[in-house]
Amino acid sequence: DDDMFSNVFCENSKKLIDVHLFALAAQYYSMSNLGVSTLLEDLLEALRRDNQGTTGIKTDEFMNNKKSHEVQVMSELVDNIAKYCGIKQVIDIGSGKGYLSSFLSMQYNLKVYGIDSSNTTTNGAHERNRKLKKHWRAYQSRARANIESQRLEKAKDRPVLSEINCKAINEKLLDKTNSLQHQDQVTIQDLAPSCDFTGIATSETSKQTEVDLASQTQSDESKLSEEVLAILNVLPADAVEFFSSSRSNCGELCEEEKEQRKMASLKAKASKLHESNLYFPLTSCITAETELSDIITDLEDCMMVGLHTCGDLAANTLRIFTAKPEIKAVCSVGCCYHLLSEQFENQEDCPEEVWGFPMCQYLKDKGWCCGRNARMSACLALERVAVGQMLPTESLFYRAVLQVIIEEIYGVTKSDRHVGKTFSKSSSFIDYVRKSLKKLELDDSKLPDSCIMDYYEKYKHRMNELEAFNMLKVVLAPCIEVLILLDRLCYLKEQDNIAWSGLVKLFDPVKSPRCYAVIALKKQSCF
């Protein structure tokens, strides 16, 4: 019904007249209600087919709770996409300290290039990765010990694995390895909204023919070593030994001993491979025109990822993905919407400029503009407020009164400088104003303490009004975010070389408010 929310605002004054209806309208146009996102569980099921997940290291051993949650969830998805497409190389855009990159390389044996614009951050990532590698064996041993403990608990309630079961596991393992060679023949159906993976591009290395038998055997061994390591991590400690020693026939025993030795050799190779350095932090500023081959000399079929890529970087990640044939898939989680550049914000005629918003032709044709205030609102976290993590009302009030002082006393309405986190370092409102003025390079000597306090007293009674206003912004935040995310999804839908694209909720929004990923896989026929 087009008239459903027509009474939210006054037709003449345009003022808000029905707060309850405003909240209902905001909820109606939120991501969760529109039905345009794909469930993470459905996507993982489609990508995995018969494959099982890799035994996980607990990332909270070396990351804070928020980062641990993000890396654990996203790395599993990236690994499944990489396996589905038959690729081993990952490019992490805006990699920062390398939390995601290092975990992808060590836990999933992927070759990861982490690119960040800050040389300081890149050096920090090098050092962090060095320390992480040093302790990685301990993390793995602890994880295996936890699994063994869980196995012993479960063993009390079920029979010991029989010889037949053990044989079935090994046969299933070989079947899984062989099935990796036929990824492009599988069609995934019945996913909502739509997740048909038919015709998705896979790496040329996964399309072997009889002519390439030698290289296929080598590839089989590599993939088998990964699967063996994963299986051995979850099998009971005595499973392989039980299988190989239970035969009475000498001829069969010899064959099984060979098989056991082969598995042990593959496990050793896989472990050695895990110890190698598969993560390479690089420093470079990424734009839509960036040539990745200039940065990565051994660029091959790969996928591109970004965990909370800031501002325009998220948009440029998608543009690079659609333009470069080597990139078979993308998984991008953006953030910092307030830093997006907008084509129609200042009505400037710059046809050659590449903007962060809008991306899709549909919104470009309409000349759509959000504006900085709306984009700032999109960064707010409704879910956190809903569970009691209230807005910092006092710091917002300080900032609002400071702006009035700057405009009225100094005549400044716009500045490239930022106040930053001055509130947390200030003992009072006077202290906050003086520290802020210094950061803005404004002379605070012309402003006595009494004048500063006069401004504080003048607006103090409006603090509740400010809080109510910001709560309305919080309620509206998901609607603005969904507009930005749908713009990116529509951009991908407009491309001819995309087989599947979707929005997927990866994270718990209370732990990580920017929780939606834009994911896409390319068509096989394009290459």
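Residues numbered from 1 in each chain as written. Predicted model: local features only at pLDDT ≥ 70, side-chain atom pairs only at ≥ 80, totals over all residues. Heavy atoms only, no water.

- As annotated in an unreviewed UniProt entry, the protein carries the name MET25 protein and is attributed to Stercorarius parasiticus.

Details of the pattern of salt bridges
Phase 1 of the analysis: Taken as a whole and judged by the stated rule, the model has 17 salt bridges.
Phase 2 of the analysis: Salt-bridge contacts for Asp449 lead to Arg434; the nearest nitrogen and oxygen are separated by 2.6 Å. In this pair, Asp449 is assigned in helix α18 (residues 449–459) and Arg434 in helix α17 (residues 429–439), connecting sequence segments 15 residues apart.
Phase 3 of the analysis: According to the relative accessible area criterion, Asp449 is partly exposed, its value standing at 38%.
Phase 4 of the analysis: Relative accessible area serves as the criterion here: at 18%, Arg434 is assigned to the buried category. (Salt bridge = Lys/Arg side-chain N within 4 Å of Asp/Glu carboxyl O. Helix = DSSP H or I, 4+ residues; strand = E, 2+ residues; numbered from the N terminus. Buried < 20%, exposed > 50% of the residue type's maximum accessible area, 1.4 Å probe, protein only.)

Topic: the pairing of strand β2 (residues 89–93)
Along any regular strand, the residues point their side chains to alternate faces of the sheet.
Phase 1 of the analysis: β2 sits mainly inside the fold: five of its five residues count as buried.
Phase 2 of the analysis: Both faces of β2 are covered, namely the face carrying Gln89, Ile91 and Ile93 and the face carrying Val90 and Asp92.
Phase 3 of the analysis: Summarising the sheet, β2 and strand β5 (residues 302–310) pair through four bridges and their orientation is parallel. By the bridge assignment for β5, Ile91 is matched with Met304. (Pairing = 2+ DSSP bridges.)

As for the nonpolar core
Phase 1 of the analysis: Within the largest apolar cluster, 77 residues are counted, with the highest numbers of intra-cluster contacts made by Met74, Leu77, Met303, Leu506 and Ile519.
Phase 2 of the analysis: With near-sequence residues (within four places) excluded, Leu506 lies in contact with Leu40, Val73, Met74, Leu77, Cys331, Val333, Cys515 and Ala517.
Phase 3 of the analysis: Formed by 22 residues, the second largest nonpolar core is a distinct cluster that contains Tyr398, Tyr410, Phe429 and Tyr459. (Core = buried A, V, L, I, M, F, W, Y, C linked by side-chain atoms within 4.5 Å. Contact = heavy atoms within 4.5 Å.)

Here we look at the packing of aromatic side chains
Phase 1 of the analysis: The final tally for this structure, using the stated rule, is 12 aromatic pairs.
Phase 2 of the analysis: Summarising the aromatic geometry, the rings of Tyr398 and Phe429 are spaced 5.0 Å apart at their centres and angled 70° between planes, so their arrangement reads as edge-to-face. Separated by 31 residues along the polypeptide, Tyr398 in helix α16 (residues 393–410) and Phe429 in helix α17 bring together distant segments of the chain. Considered together, Tyr398 and Phe429 belong to a single accessibility category, that of buried residues.
Phase 3 of the analysis: Put simply, the rings of Phe397, Tyr398, Phe423, Phe429, Tyr432 and Tyr456 pair up and form one aromatic cluster. (Phe/Tyr/Trp six-rings, centres within 6.5 Å; stacked < 30°, edge-to-face > 60°.)

Some details on α17
Phase 1 of the analysis: Along α17, the positions that sit buried rather than exposed are Phe429, Ile430, Tyr432, Val433, Arg434, Ser436 and Leu437.
Phase 2 of the analysis: Of the surrounding secondary structure, the elements contacted by the buried residues of α17 are α16 and α18.
Phase 3 of the analysis: Positioned one or two residues after α17, Glu441 has a phi angle of 55°, which is positive.

Focus on helix α19 (residues 463–493)
Phase 1 of the analysis: Between the first and last C-alpha of α19 there are 45 Å, a value that for 31 residues agrees with the 45 Å anticipated at 1.5 Å per step.
Phase 2 of the analysis: The axis of α19 is deflected most strongly, by about 40°, at Leu476, and proline Pro478 appears within four residues downstream. (Expected span 1.5 Å × (residues − 1). Bend = angle between axes of the 7 residues up to and from the residue.)

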